[in-house]
Amino acid sequence: MTGKFETVSAGSALPANDAPVTPHGIPHRGGAVNPAAAALGASFPGAIVRTEVVWGETTIIVVPGRILEVMQWLHDDPDQRYDFLSDVTAVEYRDLDRPVEVVWHLRSLPFRRFLRIKAQLPRNAPLQVPSVWSIWKSADWIERECYDMFGIRFVGHPDLRRILMWEQYKEGYPLRKDFPLRGRFSRSEQLRQALVQNPEAKYSMEELSIADAFEDLPEDMRRRIGSGERTGE
Amino acid sequence: MASGTRTIEVELSTTGLDAHGKPQRRPLVTNDGGSAFEIGAPDSMEPELSGDHMLINIGPQHPATHGVLRLVLELDGETVVRCIPHIGYLHCGFEKIGEYRQYNQIIPWTDREDYLNSIGNNVAFALGAERLFGIEITERCIVLRVIAAELSRIISHLVWLGTTCIDIGAFTPFLWAFQERENVYNLLESWVGARLTTSATRVGGMAADIPAGWMDGLRQFIRTFPVTVDEIDRMLTRNAIWVGRTIGLGVMSPEEAINWGLSGPMLRASGVAYDVRKDFPYLEYETYDFDVPIGTNGDVYDRFLVRMEELRQSVRILQQAADRLPEGPVNIDDPRIILPPKSKATSEMESMIHHFKQVMEGPRPPAGEAYVAVESPKGEKGYYMVSDGTSKPVRWRIRPPSFVNLAAIPKMVEGHLLSDVIAINASIDIVMGEIDR
Amino acid sequence: MGLASRPDARTVSYEPQGNEGWVATRLDFLVNWGRANSLWPMPFGTACCAIEFMATAASRFDLARFGMERMSFSPRQADVLICAGRVPFKLAPIIRRIWQQMPQPKWCISMGACASTGGMFDNYAVVQGIDTIIPVDVYVPGCPPRPEGLIYGIRMLQEKVLNERRMDNRLRDEMSPDPSSQLYISPAAIDELGEPFGNSVHQTRSAP
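Residues numbered from 1 in each chain as written. Chains lettered and ligands numbered in written order. Predicted model: local features only at pLDDT ≥ 70, side-chain atom pairs only at ≥ 80, totals over all residues. Heavy atoms only, no water.

A.B. asks: For this particular structure, what's the right way to read the layout of surface pockets?
C.D. replies: Remark: the empty space left among the atoms is shown by a probe the size of a water molecule rolled over them. By volume, the second largest pocket amounts to about 1,200 Å³. Lining the second largest pocket we find 45 residues, and of these Val21(A), Pro23(A), Ile26(A), Gly56(A) and Arg131(B) sit closest to its centre. Among the elements of the structure, β3 (57-62) and β6 (113-121) of chain A together with α3 (118-133), α10 (276-279) and β11 (368-376) of chain B are those that each provide at least two residues to the lining of the second largest pocket. For the lining of the second largest pocket, a count of residues per class yields 26 nonpolar, nine polar and ten charged. (1 Å grid on protein atoms, 1.4 Å probe; cavity = no way out; pocket = protein on both sides within 12 Å on 5 of 7 lines; lining within 4 Å. Points joined across faces, edges and corners; volume = space filled by probe spheres on them. Helix = DSSP H or I, 4+ residues; strand = E, 2+ residues; numbered from the N terminus. Nonpolar A, V, L, I, M, F, W, Y, C, P; charged D, E, K, R; others polar.)

A.B. asks: I'm lost on the packing of aromatic side chains in this one. Help?
C.D. replies: Any aromatic ring pair is given by two values, namely how distant the centres are and how the planes are angled relative to each other. Here the structure, examined in full by the defined rule, presents 24 aromatic pairs over all chains. Consider the rings of Phe174(B) and Phe178(B), whose centres lie 4.5 Å apart with planes at 40°: the pair is tilted. Of this pair, Phe174(B) and Phe178(B) both sit in helix α5 (residues 172-192), separated by four residues, roughly a single helical turn. Phe178(B) shares its class with Phe174(B); the two are buried. Through a chain of ring-to-ring contacts, the aromatic side chains of Trp160(B), Trp242(B), Tyr301(B) and Phe304(B) assemble into a single cluster. When the ring centre of Phe178(B) is taken as reference, the NZ or CZ atom of Arg181(B) above it lies at 5.2 Å. The positively charged end of Lys106(C) is found above the aromatic ring belonging to Trp99(C), 4.5 Å away from the centroid. (Phe/Tyr/Trp six-rings, centres within 6.5 Å; stacked < 30°, edge-to-face > 60°. Buried < 20%, exposed > 50% of the residue type's maximum accessible area, 1.4 Å probe, protein only. Lys NZ or Arg CZ within 6 Å of the ring centre and 35° of its normal.)

A.B. asks: In this structure, what is going on with the sheet that holds strand β5 (residues 100-108) of chain A? I would like to understand it.
C.D. replies: Sheet strands pair by backbone hydrogen bonding; their relative direction is either parallel or antiparallel. All names here are of chain A. If you trace the five strands from one edge of the open sheet to the other, you get β2-β3-β6-β5-β4, paired in mixed fashion. Either end of the sheet is taken by a strand with one partner, and the two such strands are β2 (48-54) and β4 (84-91). Going from strand to strand, the sheet's axes swing by 20° on average, the running direction of each strand aside. Summarising the sheet, β4 and β5 pair through seven bridges and their orientation is antiparallel. Across the sheet, the residue bridging to leucine 85 is leucine 106, located in β5. (Pairing = 2+ DSSP bridges. Axes fitted to C-alpha atoms, helices over the stretch in contact; angles between N-to-C directions.)

A.B. asks: I would appreciate a short explanation of the pattern of salt bridges in the present structure.
C.D. replies: Note that side chains of opposite charge can pair when their charged atoms are close. Residues and elements named next belong to chain B. The full count for this structure, using the stated rule, is 57 salt bridges over all chains. A salt bridge links lysine 381 to glutamate 113; the nearest nitrogen and oxygen atoms lie 3.0 Å apart. Here lysine 381, found in strand β12 (residues 379-387), pairs with glutamate 113, found in helix α2 (residues 103-113); they are 268 residues apart in sequence, far enough to count as distant. Side by side, lysine 381 and glutamate 113 carry an identical accessibility label, which is buried. Among the ionic contacts, a cluster of salt bridges with common partners joins Glu150, Arg153, Arg268, Asp275, Arg277, Glu310 and Glu375. (Salt bridge = Lys/Arg side-chain N within 4 Å of Asp/Glu carboxyl O.)

A.B. asks: Can you walk me through the confidence of the model for chain C in this structure?
C.D. replies: One rule of thumb: low pLDDT means the predicted coordinates there are not for detailed reading. All names here are of chain C. Residues at a pLDDT of 70 or more form 87% of chain C, whose mean pLDDT is 84. Averaged over each element, pLDDT in chain C is lowest for helix α6 (residues 187-193) (87) and highest for strand β3 (residues 107-111) (95). Here residues 1-11 scores under 50 on pLDDT; set against residues more than four positions off or in separate chains, the count is five contacts. (pLDDT = per-residue confidence, 0-100. Contact = heavy atoms within 4.5 Å.)

A.B. asks: Looking at this model, I keep getting lost on the pairing of β6(A). Mind explaining?
C.D. replies: One face of the sheet, then the other: side chains in a regular strand alternate in exactly this way. Residues and elements named next belong to chain A. Judged by how many residues are buried, β6 sits mostly within the fold: eight of nine residues are covered. By the bridge criterion, three bridges tie β3 to β6 in an arrangement that is parallel. Bridging from a neighbouring strand, isoleucine 61 pairs with lysine 118 of β6. Where β5 lies against β6, nine bridges are found, and the strand directions are antiparallel.

A.B. asks: Help me understand the sheet that holds strand β7 (residues 79-86) of chain B in this model?
C.D. replies: All names here are of chain B. A sheet is described by the order of its strands in space; here three strands give the open sequence β5-β6-β7, paired in antiparallel fashion. Each edge of the open sheet carries a strand with a single partner, namely β5 (54-58) and β7. Along the sheet, successive strands turn relative to each other by an average axial angle of 20°, direction set aside. Strand direction decides the pairing type here: β5 and strand β6 (residues 70-76), joined by five bridges, are antiparallel. Each residue of the ladder has a partner; that of asparagine 57, found in β6, is valine 72.

This is the structure:
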């Protein structure tokens, strides 16, 4: 057991008399730009597509291939220190001409800053971006969910599989705009597919290999599972 | 019904037996076309078999998992070697539905996703939508929303307290906590008409102003609630059983906690002083005088202490808010966004047109995007909304604090006993509605 | 809110039993009275309704006065499955399995709008009513139902139990789902139950 931890304060890199206040009167566009934009433009020429400030939040659009190095720099650089990954998500617009955007929300706790990074993926290519799991462990489940809902592959993720829907879910990727609200199959078909899943009786390969549990099963069950049958009640 | 036979070629995930006589399984997933492809097995899947390890499945239906969470544990005797959580058993398509509803119509959905913090979620969503619309709300609305958010924090922490006590074995605080919740439910019901699913805010204001005499009820609650907190405190905080069952469990260091994206009491118990109300303020929280409790050990006991102290601090904020509530209108004065009163909508033509447009089409924000984060009882709760200028959002994303907090559970329970898993799980304060959405 | 003498109260009524002896009817009454007043609930709580269920079990509304304070989280020891909350498709086989693990006599209360019909979640993820998966005895509407509403539903179930006759040998039949599809009612019935109706047809439109 460790001893007591030293308190880490948000805003520790700022002067002590800089208490934040509730923002008022934020303009739609324009306003103060996050200093990361200028610093990124200097350190990674050619990686930045565009910078926008919408409702007081800076959005930096980065070339998808350069995301990982940009993120690593944002995490490590002593003037940026974006140590908190808030969210990774994706946006697909109703306008088919616009690309699918993958959005990262970063916070720098020492500097009390918020930054949004986007990567625009054209629709006619497979959707994939680098995973930032190697930098922030919180990306683990968040990227799995983004994959589950949009079908975006996160290259370098240790275990990219569905998390909210069941792993053999066949209807597609629910948050895509071409996926209808009530699903592609009829209600009885959806229910039938769900009921034959029997997820409790099904363990993943990882889980079954853990405890060598296959040995402990009764003989007839071993035979039936070996032949691919799903166990019933 | 067609007759005759068809041959269908299907990719099997078992490809016979390997050298040891065990079935060889390949993990397969299907793409949208329905064809299966194999995903490479990660290196971490190599089994480490040191002795006989047991595979235990907890959930998804289980009293102590706080909802439909499934934990698969690899046990070496009673000690957990590995934990694999499975979620998604309460996935109800909130974010998809958000794309098919107007902004005011989404508010009932925010009630139901983190259902312990309903009115707090209403406030958070309204703040996000107002950022997207570019609206400044009235002074009275700001203070009422602070009152709502803090009441919500109190009732959420009381549920956490009651259910954690039951999990660890103490039944009585559950009854005390739920009795106090009934007092808050009475207040909420007299304000907005519902106990749990309040739908109390609207874009630009609130669904209703507080009724006459409501503030007396709130002051009565402020007076009597700390007595119950003290009672629970006396029973638990220095209780040998409670301390023995919670000290030293599930420790996360500050750096790990930040890297794993923990927020809220989980993060603060690990010694990180980050509270969205203090660091990225909203609703003029910087003008209130309150403390944020920070732990130092990062274990279950510290999380308990942090939440107990947050209950007291919430009462402090409520007292200040009750004292400063200004008179004035609750809703902004924009007929394109706030519904006109029914008396005008049925008598004046212009109001009737406004009413019609708002109900049938809904108010339209300019194209843009906004991410507003609040300090929910569970952590940093954010709503990210993207608008293309129409009355329904293009994307409504909920940043769920419990989802990110729960992802750290495999790290926290390694090396602990089975009964500790339940205590650690309880200390995260998860709500499956928010995790699975 | 008096539950007994409401003019519109629909009680379950059976044909007068001419052929049953006095002992059989007294035995019926004894068994049913015992069952109705000591129903052990299995709270299959998923979402917001579970919180209202917990509030019903707590001090203010107190399920103990109906003999239901002993929550049975193991289905093997439970009498009534109270499905409190929305049931997504991923959870459907779980609730089916839990129901099948409960021994007879068993009943089911579907608490809330989501368990009864899918509620406000008319989308790809949620089962449109658990009665497409398991047989339901009492539906309690509400989102979430007030504790008084849940208690009213429990009282309705108690009346149903009190009016059971042992000579009705179809009461304790297990449902038999079709082995290949696992559905126990016809697919056409499920599709019809899950159809949007009224205003719902407009709610699947995303563009303005």
